[in-house]
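Analysis of the macromolecular model
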Amino acid sequence: MSAPLGRRGLLTGWGRTAPTAADVVHAVDPDIVGRAIEEAAASQSAGGRGIIARGLGRSYGDAAQNAGGTVVDATWLDAIHKVDVASGVVTVAAGVSLQTLMERLVPLGWFVPVTPGTRLVTVGGAIAADIHGKNHHIDGSFCSHVLEMTLVTPGGTVTLSPASDPDLFWATAGGMGLTGVITAATIQMIPVETSYMLVDTERAPDLDSVMDKMLTGDDAYRYSVAWIDCQSTGRRLGRSVLTRGDHARTEDLPERLRGPPDRGRAFVPRTLVRVPFTPPSGLLNPLTVGAFNEFWFRKAPAHQVAKPHHMAGFFHPLDGVGEWNRLYGSKGFLQYQFVVPDEHGETVRKVIERLTTVKLASFLAVLKRFGPGDPGPLSFPMPGWTLALDLPIGYHALDELLDALDEQVVSAGGRVYLAKDSRVAPATFRTMYPRVDEWIAVRNRVDPHGVLRSDLGRRLGLCSDRSAPSTSDGRSRRRTSRPAGTKRVAPKRGGGAPSPAKTTSTTRRTDTTSTTRTTDTAGTARTATPPERTGT
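Predicted model, so just to flag it, every value in this text is computed and none were measured. (Residues numbered from 1 in each chain as written. Predicted model: local features only at pLDDT ≥ 70, side-chain atom pairs only at ≥ 80, totals over all residues. Heavy atoms only, no water.)

**A closer look at the nonpolar core**
Membership of the largest hydrophobic core comes to 106 residues, with the highest contact counts inside it found for Phe111, Val210, Ile228 and Leu367. Not counting residues within four places of it along the chain, the set of residues in contact with Leu367 comprises Val210, Met211, Met214, Val225, Ala226, Ile228, Val348, Trp385, Thr386 and Leu387. (Core = buried A, V, L, I, M, F, W, Y, C linked by side-chain atoms within 4.5 Å. Buried < 20%, exposed > 50% of the residue type's maximum accessible area, 1.4 Å probe, protein only. Contact = heavy atoms within 4.5 Å.)

Below, the structure is given as structure tokens:
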């Protein structure tokens, strides 16, 4: 029995840039994943474009896109198979979201071991990106808490653990879906007594101050994050709001929050407001972002201790604004997130200084501390500092700016996060991830014919339909071979004639064979939206 034919859909990442079309197959049961991979493998000789899995579409760039190929929508794999309430060990299908886990298990006294800034991430996506959160300095990345996973590869279905096949397990952790399609996982949750956090908040007048506070005080907190004002300059450069906390015990809460039995454990997140349309690009500019930053800094308490905050607001404030990615306008945005070792913390200052010099508005700038990283060759975290920046598309020299930031990160021995990336050059990527050949060897073992492919994989040379050419100085050109069925549009500069064709972070790709586009609640383009179902 062959896999069901997918319906053509135009897909983007959360940044809403560079759309490409693929045949989207809904994995309504795990067997469909295997059949879809078999069909993709059978089409190789006829120029097939391979297959990649997709969750809730929260990778910012092109990790869950596959131009001209097949994309498996894994959100339909949303069953919770087993919960051991005594130990906190849960086995779930890979399409279950972190939000669903919190809704079901926080009332039972268990919380996800790691959550990023959004709860709208599937378990499969969390493994593929080896996500991190505000607690990395204490608890590490998500895959440190994965006991077992089921992986469907072109060679068949395998059950993996760190002990059974450590090379494949850790190649899958952070492997961006290119070692196989994850269909299930067993995870160790962490115990909690309530759905509240006890939070300490304080303002820091400048970057040196907040970094010193984090270096000397973060170890006393399980969770820590600093919001950075990237518009302030001079003595106020990098002024910040530092927020740190831990899970509240029942006895820590006032009576009004404990309420009736189990009220203090309720986890019922709500979307407070939804962005109803995509505004013109340019809404988030230095003027508006500067005004917001001033408000946000002044709104924060100068120093507040042990304030109860609900988990939803503490971990996922932006999830309260539905489709907030639309605020960046029709051109979209990218996120630039890097990590550098402790001894190169000055790189954080250099990056922020560069942004303030060119007056590039970053609506969201977040600084965190990382502890030891996972063994995965493509896992992002390493001990040190990580800064994440949301940057709107439209600044005329954005590509040159980001290339310059890449050079600073590389010279510091750091790297960028693949789940956020949409434009790094292949040669730069290889320098940032020196163990990539080790990863490729494992991938070739389970997928010798290169059936698993994505736009990100082709762009970085992790998988490709043909080798990327190199320039005379040995650096690979970015996206010099376009995905089949796509068209490159050169951006206009300064309102004049289009500049010569150049693949850049402002490039947008359109598949001319795609005819319609519908958008789901996560802001990603899909041809068929499943009905409202738990875990999607």
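**Things to note about the packing of aromatic side chains**
Taken as a whole and judged by the stated rule, the model has 13 aromatic pairs. For the pair Phe314 and Phe315, a centre-to-centre distance of 4.9 Å together with 85 degrees between the ring planes defines the contact as edge-to-face. As far as the burial class goes, Phe314 and Phe315 line up, both buried. Centre to centre, the rings of Phe429 and Tyr433 are 5.3 Å apart; their planes meet at 35 degrees, and the pair counts as tilted. One exposure class covers both Phe429 and Tyr433, and it is buried. Here the aromatic residues Trp14, Tyr60, Trp324, Tyr328 and Phe333 are joined through ring pairs into a cluster of three or more. The cationic tip of Arg239 hangs over the ring face of Phe297; the distance from NZ or CZ to the ring centre is 4.5 Å. For Lys299, the ring lying beneath its charged end belongs to Trp296, and the centroid distance is 4.6 Å. (Phe/Tyr/Trp six-rings, centres within 6.5 Å; stacked < 30°, edge-to-face > 60°. Lys NZ or Arg CZ within 6 Å of the ring centre and 35° of its normal.)

**Points about the pairing of strand β9 (residues 156-160)**
Summarising the sheet, strand β8 (residues 146-153) and β9 pair through five bridges and their orientation is antiparallel. The residue of β9 that forms the bridge with Val152 is Thr157. In sequence, β8 turns back onto β9 through a hairpin of two residues. (Pairing = 2+ DSSP bridges. Helix = DSSP H or I, 4+ residues; strand = E, 2+ residues; numbered from the N terminus.)

**Topic: helix α11 (residues 398-411)**
An ideal rise of 1.5 Å per residue puts 20 Å on 14 residues; α11 measures up with 20 Å between its terminal C-alpha atoms. Among the residues making up α11, those that are buried are Leu398, Asp399, Leu401, Leu402, Ala404, Leu405, Asp406 and Val409. In this fold, the buried residues of α11 make contact with β18 (333-341), α10 (346-358), β20 (384-392), β21 (415-416) and α12 (426-432). A positive phi of about 80 degrees marks Gly413, the residue just after α11. (Expected span 1.5 Å × (residues − 1).)

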